[in-house]
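Summary of structural features
As a plain string of letters, each chain reads:
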Amino acid sequence: MLQLNNIEVMYDRVILVLKGLSLKVPQGRIVALLGSNGAGKTTTLKAISGLLTAEDGEVTDGSIVFKGEEIHGMEADKIVRKGIFQVMEGRRVFEHLTVEENLLAGAFTRRDRAVVKGDLQLVYEYFPKLKQLRHRTAGYLSGGEQQMLAIGRGLMARPEMMLLDEPSLGLAPLLVQEIFEIIEQINRNEGTTILLVEQNANIALSIAHYGYIMENGRIVLEGTVDKLKRNEDVQEFYLGLSELGQRKSYREVKHYKRRKRWL
Amino acid sequence: MTFFLQLVVTGLVVGAVYAMVALGFVLIYKSSDVINFAQGELLLVGAYTCWTLVAVYHVPFLLAMAVSICVSLFLGIAIERMVLRSFINEPVISVIMATLGLSSAMRGILQVIWSTDTKTFPEIFPSAPVIIGPIAVSRVYLYSLFISLAMLVIFSLFFKYSNMGIAMRATADDQQAALSMGISVKVIFAATWAIAAVVAGIGGILLGNINGVNPSLSHIGLTVLPVAILGGLDSIPGAILGGLFIGVLESLSGGYLDPLLGGGVKEVAPFVVLVLILMIRPYGLFGQEIIERV
Ligand SMILES: Nc1ncnc2c1ncn2[C@@H]1O[C@H](COP(=O)(O)OP(=O)(O)O)[C@@H](O)[C@H]1O
Ligand SMILES: [Mg+2]
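Residues numbered from 1 in each chain as written. Chains lettered and ligands numbered in written order. Predicted model: local features only at pLDDT ≥ 70, side-chain atom pairs only at ≥ 80, totals over all residues. Heavy atoms only, no water.

Quick notes on helix 6 (residues 163-173) of chain B
Gly165, Ile166, Ala167, Met168, Arg169, Ala170 and Thr171 of chain B are the residues of helix 6 of chain B that are buried. Looking at the packing, one finds that the buried side of helix 6 of chain B touches helix 3 (99-106) of chain A together with helix 1 (2-32), helix 5 (139-161), helix 7 (175-180) and helix 8 (185-211) of chain B. (Buried < 20%, exposed > 50% of the residue type's maximum accessible area, 1.4 Å probe, protein only. Helix = DSSP H or I, 4+ residues; strand = E, 2+ residues; numbered from the N terminus. Contact = heavy atoms within 4.5 Å.)

See below:
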């Protein structure tokens, strides 16, 4: 459904952040894009959604194809109309608007205004908490409620594909669990294809079908979730399941070797 | 007492027009942090267009007003397209400078077309005043008050409930997040300028009917600056209250202090109060609170 071929992204015409990145997101799937801080995950999503231009970033090479159409270079609002919606990192709710107004803002590009009312109910079914809070000013919601609102706002656009940027960021583990279950339900019930960016590999791989791991602007590893979970490097660096704990002296060397192998 | 009430009523009428014009000012500030110094010239465009249609071409007043509103609308969009869009991604101060330049350029053009003589509207409203209790209010004042208040109500509802209104407030809150919803910032800015030009145009027409039209009408563009700042530059209800307040203040100081001090107080009073209020409340009386969660 979505295909990135060898894309390069530069900020301010000098800083090369993505260095030939390729990935595929098949229709109806949840694909996880994992990597540590600064790897270029957010940049990848913004390259897809067209939000890079607002930050003086530019896709300088490669192609971005959505449903057979090149979308690289399109304006962000047009890309939303094509069916791709990015739920930005850090929630970014409209603080001075109410919860319901935030949701309506998410439906801005919809032509079928009559159906939008019903979609509000749909969002409230996924997130009953938001229904109670619907006249509350969004800026005063808790972090978890704001994350629900951010995802709900995405649902309101009825996108074919959602790009989620670190929905677990700064939330308590129990809440993260709840939100990821809902993401999985949205994928299953609405058929929304999801590209999920996370630092929290454990939780991301618990709902994803396929995963990519990126470092320094490149994909260093990819595979089905089972394959990734079995991979020793992933276990050690991303899942925190090191079995080499006892052999401390070797560890630094191993680290080095592993990194070498990826690059 | 009658004199006082008379002054208050006059002040409220003019203040309602100020509030409406200030609304345009606040909108532009809210959506783009830009202070629009050309607001006064937008007033003149509406006033001159309507005057020309009515006085020169004998077009019925309401039709003339409708045409002037359309002219203002397209002018607002054109300004955004041709002048301001080239400043996208430039610092806000450059855009503010651009509106200053625009203001001078427009003033020059307007003077070439309409000269600097005062143009008076033919009598449109019946001249017999309406007697309300102890005071007599001329009809042009009542109609002006009614039209300004109606516009304020319409725009308040528009911002509160329409999709475009919600999108405009969303953009004012977080431009990039708005973009991620598919809200085109260009469209929002164009709508903002269109509305600002329309409310200024209507304000120009109303004040033109009261006092005649000449370039000094554009000073209202400056007077709404204290109005907007008083209310908090980013607050629409603040602009409304600020407008009424400044209108009454001007009227009272003009009525009581000008005769004693030999004139000029009326023009200065809003700025004096502005300075006083800013010393106490730097964000204006109704400036938007910054939400901080812990
Ligand atoms: N607007 C920007 N201008 C310049 N450099 C940026 C900008 N945004 C991100 N970067 C740089 O790009 C790299 C990748 O950032 P990002 O995509 O945000 O990573 P991640 O989301 O994986 O943490 C970082 O080194 C960051 O400093
Ligand atoms: Mg990021």
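Okay, back to it.
Some details on the sheet that holds strand 6 (residues 84-87) of chain A
Residue and element names in this part refer to chain A. Taken together, the six strands give an open sheet; going across it, the order is 6-7-8-3-9-10, and neighbouring strands pair in mixed fashion. If you trace the sheet from one side to the other, it starts and ends with strand 6 and strand 10 (218-224), each paired once. Strand-to-strand twist in this sheet, taken as the mean axis angle between neighbours without regard to direction, amounts to 15°. (Pairing = 2+ DSSP bridges. Axes fitted to C-alpha atoms, helices over the stretch in contact; angles between N-to-C directions.)

Details of the coordination of the magnesium ion (ligand 2)
Here the magnesium ion (ligand 2) is held by the protein donor atoms Thr42 of chain A (OG1) and Glu89 of chain A (OE), which lie 2.0 to 2.3 Å from it. One end of the pair, Thr42 of chain A, is in helix 1 (residues 41-49); the other, Glu89 of chain A, is in the loop between strand 6 and helix 3, with 47 residues separating them in the sequence. (Donors = N, O, S within 2.8 Å, 3.2 Å for Na, K, Ca; no water.)

Details of the environment of Leu44 of chain B
Residue and element names in this part refer to chain B. Tracing the sequence through the fold places Leu44 in helix 2 (residues 39-56). Its relative accessible area of 1% is what places Leu44 among the buried residues. Through-space distance from the C-alpha of Leu44 to that of Phe4 is 30 Å; in sequence the pair is 40 residues apart. When near neighbours in sequence (up to four residues on either side) are disregarded, Leu44 contacts Leu110, Val213, Asn214, Pro215, Leu217 and Ser218.

Some remarks on the interface of chain A and chain B
In this complex, chain A contributes 33 residues to the contact, which on the side of chain B involves 23 residues. For the pair chain A and chain B, the summed buried area comes to about 2600 Å², and 56% of that belongs to carbon and sulfur atoms. When the buried surface of chain A facing chain B is broken down by residue, Phe94, His96 and Phe108 of chain A rank first, second and third, together holding 26% of it. Where Lys160 of chain B meets Glu101 of chain A, a salt bridge forms, and the shortest distance between an N and an O atom there is 2.8 Å. At the boundary of chain A with chain B, the tally comes to nine residue pairs in polar contact (both at pLDDT 80 or more). (Buried area = accessible area lost by both parts, 1.4 Å probe. Salt bridge = Lys/Arg side-chain N within 4 Å of Asp/Glu carboxyl O. Polar contact = N/O pair within 3.5 Å; in protein donor to acceptor, adjacent residues only side chain to side chain.)

Notes on the domain arrangement of chain A
All names here are of chain A. Splitting chain A by domain gives domain 1 (2-230) and domain 2 (232-263). Inter-centroid distance (C-alpha atoms) of domain 1 to domain 2 is 30 Å. Opposite the 13 residues of domain 1 that make contact, domain 2 presents seven residues. Our enumeration of links across domain 1 and domain 2 arrives at zero salt bridges. At the boundary of domain 1 and domain 2, one finds zero residue pairs in polar contact (both at pLDDT 80 or more). The set of elements that each furnish at least two residues to the side of domain 1 that touches domain 2 consists of helix 8 (201-207), strand 9 (210-215), strand 10 and helix 9 (225-230). In the side of domain 1 that touches domain 2, the residues fall into seven nonpolar, three polar and three charged. (Domains from an automatic or database assignment. Nonpolar A, V, L, I, M, F, W, Y, C, P; charged D, E, K, R; others polar.)

Some words on the site of ligand 1
Residues and elements named next belong to chain A. As a matter of local geometry, ligand 1 sits amid 13 residues, with Gly38, Lys41, Thr42, Thr43 and Glu55 nearest to it. Contact between ligand 1 and Thr42: an oxygen atom at 2.6 Å from a side-chain N or O atom of the residue. In the model, an oxygen atom of ligand 1 is placed 2.5 Å from a nitrogen or oxygen of the Thr43 side chain. Elements supplying a minimum of two residues to the shell around ligand 1: strand 2 (15-25) and helix 1. With three residues, helix 1 is the single largest residue contributor to the shell around ligand 1. Taken together, the residues that form the shell around ligand 1 break down as four nonpolar, six polar and three charged. (Near = heavy atom within 4 Å.)

Section: the confidence of the model for chain A
Per-chain confidence: chain A averages 90 in pLDDT, with 91% of residues scoring 70 or above. Every residue in residues 244-250 of chain A scores below 50 in pLDDT, and together they form three contacts with partners more than four places removed in sequence or on other chains. (pLDDT = per-residue confidence, 0-100.)

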